[in-house]
Amino acid sequence: MSRSVSRRRKVMELRIGLVVVAVLGWYGASAASPLIASPLDSVRALVDQARAGALTADCASTLGAMLYGFVASVVIGIPIGYAIGRSRLIGAAFEPVIASLFAVPRIIFYPLLLGVIGVGATSKAWLAAISAVFPIIIATAGGVRQVAPILSRLGSSLGSSRLKVAWKIVLPAALPPIMGGVRIGFGVAFVTVIIAELFVAASGLGLAVRDAYSQLNLAVMYGDILFIVAVAFVGSLALWAVERRLQAVSD
Amino acid sequence: MTTASSDASSTLPSGRAKKAPRVDGIRFRAGAILLRILLLVAVVAAWQIAVSTGAVNSLTLPTPWQALKAMSQVRDGEFWKDLSNTGLVVLAAFGIGGAAGLAAGIAFWRLPALGDAVEPFLVTLYATPTLVFYPVLIVLLGLNLWPLILIASVMVFMPIALNTMIGLRSLSPVLPRLARSLGSPGPVAFRKILLPGALPIVISGARVAFLYATMGTIAMEMVVASAGLGYRIGYDYSNFRTQEMYGLVLVVAVLATGLNWILTRVEKSMRRDLA
């Protein structure tokens, strides 16, 4: 017990040490090169943006598009993954298609969406949805397949409808792997929206970075990047914690 | 995108249950292929209807046939220049990121506390748009291939480092002890016993890494570049060359599908546990 506590403390110390080394390294690099903004200047630029309200607006635009896309991918992805995992025929027909589409860079569809839908939140949200849906489909299909067939047979022999078997038996039993896919989908949705905004957008954090880059406003660029990385880090850690708790419960 | 960790844990050799061999009947396979064809027909039909009914402006959406015809641009020298540019970046990144990832994965395994310390950073790096550092590197290194190669290398590094660590950790602790009691020196034991044992999971990570590097490179080229497949798509978009753009998107989709098919084949041939 005490060994695992001291081990955990050592790991924590190492983590803090890594962050300190990274910040110091950044600071040293900024002192050595005029092309790198210092950590302090970057944070200051970020605070200035937050005070001016620009950060809130960009954040709302990015996270709004990401959330719409993410929710759509969950709503679309889980039923498709369920069908692929439960039906041998549907699985044999569409699993190779999903695997191939998974390998196609989704960003190449963004200009098509821009052409058809136009520049704005909707095209970003759809790109996020078609990116995040694949890990969710794959994880759901895999998770559903792992559920012991006797459970669902038991349900149907007790007279439950297919929908009830799915909702009450199969999906809860497959929840931990599905949650893994959902976490990955969440990250993918965020990354995708940022990439889309770096390409063409009317607003958002990615566009802010791009604008700062083209004006060579280094402090703002570094500040915005720092903020984006922090958002991704915190969001991802939170979902990881949820996933691990679900896993612990089901074990 | 599947993380390496869940990818790895779901394909652990030890965890695979023996399935009774099941022979799919010809009717079953024909049914699966028929369903796939139906999906394709439905997509193409919906696309065609959207254009012919005028639901979508034909200036922004060509017909399926026009897009298919525009795929003939693969005969142009320009396409080959773009393709070789993108390919060069991906291959260089795979070499650099792969070597670094393998070394780091081994280090994280040898120093378990360090491995535990970096794991959350590696896992969250997946959800971090590494691409936002692209402008930073352009400012530092100029608009050449190096910013692309370095960012793509980081994308390769993450899954390979994580999977190497997980793969080595998943091996039974008996193996190194066995090697030592048989008198083989550390490096030999590592090369002959541990690395082959971890290889299946490392290979899975390598396939994912290659796809990430391709996706990331094309995305970065779309943002800022002077050549490459992504650059060409972005160029077609901003110059309203809609048909050419659709043709190139189809070409890239076909190439990525083919690449994935080859990588999956390589992975299967190298992984005896999947056979």
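Before reading on, note that the structure itself is shown above.
Nothing here was measured: the structure is a model prediction, and the numbers come from that model. (Residues numbered from 1 in each chain as written. Chains lettered and ligands numbered in written order. Predicted model: local features only at pLDDT ≥ 70, side-chain atom pairs only at ≥ 80, totals over all residues. Heavy atoms only, no water.)

Visitor: Before we move on, can you summarise the overall build of chain B with the specific residues and values?
Guide: A count of helices and strands for chain B gives 11 helices and 0 strands. Counting helices and strands in the order they occur from the N terminus, chain B gives α-α-α-α-α-α-α-α-α-α-α. Here chain B holds 275 residues, and the buried ones make up 47% of them. Partitioning the intrachain contacts of chain B with sequence separation of at least 6 by distance along the chain shows that 75% fall at a separation of at least 24. (Helix = DSSP H or I, 4+ residues; strand = E, 2+ residues; numbered from the N terminus. Buried < 20%, exposed > 50% of the residue type's maximum accessible area, 1.4 Å probe, protein only. Contact = heavy atoms within 4.5 Å.)

Visitor: Outline the nonpolar core, listing residues and values.
Guide: If you look at the biggest cluster of nonpolar residues, it comprises 103 residues, and the most contacted ones within it are Met221(A), Tyr134(B) and Ile233(B). The leading source of residues in this core is helix H9 (residues 175-199) of chain A, at 12 residues. Here Met221(A) is in contact with Val209(A), Ala212(A), Tyr213(A), Pro135(B), Val136(B) and Val139(B), once residues within four sequence places are set aside. One finds Ala152(B), Ile160(B), Ala209(B) and Phe210(B) within the second-largest nonpolar core, a separate group that totals 12 residues. (Core = buried A, V, L, I, M, F, W, Y, C linked by side-chain atoms within 4.5 Å.)

Visitor: With reference to specific residues and values, describe unusual backbone geometry.
Guide: Residue Leu216(A) is not a glycine yet carries a positive backbone phi of 55°. Inspection of the secondary structure puts Leu216(A) in the loop between helix H10 (205-214) and helix H11 (218-250).

Visitor: An account of the packing of helix H7 (residues 149-157) of chain A against helix H8 (residues 162-173) of chain A is needed here, citing residue identities and associated values.
Guide: Residue and element names in this part refer to chain A. Following both chains from N to C, one finds H7 and H8 inclined at 145°, their axes separated by 10 Å at the closest point. For the element pair H7 and H8, the recorded crossing hand is right-handed. Along its contact with H7, which presents Leu 151, Ser 152, Gly 155 and Ser 156, the element H8 presents Val 165, Ile 169 and Val 170. (Axes fitted to C-alpha atoms, helices over the stretch in contact; angles between N-to-C directions. Left-handed = near helix turned anticlockwise from the far one by under 90°.)

Visitor: Describe the interface of chain B and chain A, listing the residues and the values that go with them.
Guide: Counting residues at the interface gives 56 residues for chain B and 60 residues for chain A. Counting each side, the surface lost to burial between chain B and chain A is near 5400 Å², with a carbon and sulfur contribution of 79%. For the pair chain B and chain A, the interface holds 6 residue pairs in polar contact (both at pLDDT 80 or more). At the level of secondary structure, the elements contributing two or more residues to the side of chain B that touches chain A comprise helix H2 (26-52), helix H5 (112-125), helix H6 (134-141), helix H9 (186-223), helix H10 (229-238) and helix H11 (242-270) of chain B. It is H5(B) that provides the largest number of residues to the side of chain B that touches chain A, a total of 11 residues. For the side of chain B that touches chain A, a count of residues per class yields 41 nonpolar, 10 polar and 5 charged. (Buried area = accessible area lost by both parts, 1.4 Å probe. Polar contact = N/O pair within 3.5 Å; in protein donor to acceptor, adjacent residues only side chain to side chain. Nonpolar A, V, L, I, M, F, W, Y, C, P; charged D, E, K, R; others polar.)

Visitor: Pulling in residues and values, what's your account of H2(B)?
Guide: Given a rise of 1.5 Å per residue, 27 residues ought to cover 39 Å, and the 38 Å separating the end C-alpha atoms of H2(B) matches this to within 8%. Packed against the buried residues of H2(B) are helix H4 (88-102) of chain A together with helix H3 (64-70) and H11 of chain B. Once H2(B) finishes, Gly54(B) follows within two positions and takes phi at roughly 80°, a positive value. (Expected span 1.5 Å × (residues − 1).)

Visitor: So, the packing of aromatic side chains: which residues are in play, and what are the values?
Guide: Under the defined criterion, the tally for this structure stands at 10 aromatic pairs over all chains. Arranged with centres 4.8 Å apart and planes meeting at 90°, the rings of Phe70(A) and Phe186(A) form a pair that is edge-to-face. Placement of Phe70(A) in helix H3 (residues 54-86) and of Phe186(A) in helix H9 is noted, with a sequence separation of 116 residues between them. A relative accessible area of 21% means that Phe186(A) is categorised as partly exposed. A ring pair is formed by Phe233(A) and Phe121(B), whose centres lie 5.7 Å apart and whose planes are at 15°; its orientation type is stacked. Of this pair, Phe233(A) sits in helix H11 while Phe121(B) sits in helix H5, placing the two residues on different chains. Residue Phe121(B) is classed as partly exposed on the basis of its relative accessible area of 25%. One Lys or Arg, Arg232(B), reaches over the ring of Tyr235(B) and ends 5.3 Å from the middle of that ring. (Phe/Tyr/Trp six-rings, centres within 6.5 Å; stacked < 30°, edge-to-face > 60°. Lys NZ or Arg CZ within 6 Å of the ring centre and 35° of its normal.)

Visitor: Describe H3(A), with residues and values.
Guide: Taking 1.5 Å as the rise per residue, H3(A) with 33 residues should run 48 Å; its terminal C-alpha atoms sit 47 Å apart, in good agreement. A maximum bend of about 25° is found in H3(A) at Gly77(A), where proline Pro79(A) lies one to four positions downstream. (Bend = angle between axes of the 7 residues up to and from the residue.)

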